[in-house]
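Letter by letter, the chains look like this.
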Amino acid sequence: MVKIKVVIDNKQKTVKIPTGIRLLMRRCCHAVLQLEQFDGSAEVDISIVDNEQIHVINREHRKVDAPTDVLSFPLGENGVYDINPATGAKLLGDIVISIEQAAVQAERFGHTLQREVGYLTVHSMLHLLGYDHVDGGLSAVRMREREEAVMKQVGLPRGESYVME
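Residues numbered from 1 in each chain as written. Predicted model: local features only at pLDDT ≥ 70, side-chain atom pairs only at ≥ 80, totals over all residues. Heavy atoms only, no water.

**As for the confidence of the model for the protein**
Thinking step 1. Predicted confidence across the protein gives a mean pLDDT of 92, with 95% of residues reaching 70 or more.
Thinking step 2. The least confident element of the protein is helix H5 (residues 137-153), whose mean pLDDT is 91; the most confident is strand S2 (residues 42-49), at 98.
Thinking step 3. Contacts of residues 160-165 to residues separated by more than four positions or lying in other chains number 13 contacts, the stretch itself having pLDDT below 50. (pLDDT = per-residue confidence, 0-100. Helix = DSSP H or I, 4+ residues; strand = E, 2+ residues; numbered from the N terminus. Contact = heavy atoms within 4.5 Å.)

**Overview of the side chain of Glu-43**
Thinking step 1. Tracing the backbone through its elements, the reader meets Glu-43 in strand S2.
Thinking step 2. Here Asn-84 takes part through its side chain, which lies 3.0 Å from a polar atom of the side chain of Glu-43.
Thinking step 3. Not counting residues up to four positions away in its chain, the partners in contact with Glu-43 are Lys-5, Asn-84, Thr-87, Ala-89, Lys-90, Leu-91, Leu-92 and Gly-93. (Polar contact = N/O pair within 3.5 Å; in protein donor to acceptor, adjacent residues only side chain to side chain.)

**Some remarks on the packing of helix H4 (residues 113-128) against H5**
Thinking step 1. Between H4 and H5, the shortest axis-to-axis distance is 10 Å and the interhelical angle comes to 130°. As the angle between them shows, H4 and H5 are arranged oblique. Of the two possible hands of crossing, H4 and H5 adopt the one that is right-handed. In contact with Arg-115, Gly-118, Tyr-119, Val-122, His-123, Leu-126 and His-127 of H4, H5 contributes Met-143, Arg-144, Arg-146, Glu-147, Glu-148, Val-150 and Met-151.
Thinking step 2. Taken together, the residues of the contact of H4 with H5 break down into six nonpolar, three polar and five charged. (Axes fitted to C-alpha atoms, helices over the stretch in contact; angles between N-to-C directions. Parallel < 35°, antiparallel > 145°, perpendicular 65-115°, else oblique. Left-handed = near helix turned anticlockwise from the far one by under 90°. Nonpolar A, V, L, I, M, F, W, Y, C, P; charged D, E, K, R; others polar.)

Structure follows, in structure tokens:
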């Protein structure tokens, strides 16, 4: 069984984080590693920020002068990761999610904030594991297939909600 430590840090006060979001993020991280048959234990850090904060990070790291929904900062390459000497866990990297942008997108796409945050977490975890979609083509198709498989596994397939009515 894959063990993952997910450290989640809410660094914003713009959007109230709904109950269950942190648990959902952890479930999504674990589901990605299970689906990918990840070997060993892992650690990932997730920062929840607002649009202003992610705008600054996007400008500094990607030279894109605009807010975005999620950023991924992988620590590994080609399946080789730094190891936490205290735990022996592989350090996958950092995820930064704009909860403010996620709320806007959830409304735009007609689904819950939970589904949007779940999707952004899954999407970013796949980036940490080396998946990419920037060039389109087969790699983008593979990434989308993996995203949908994980979303279905955690109970958030397209058109569904994590929240029980």
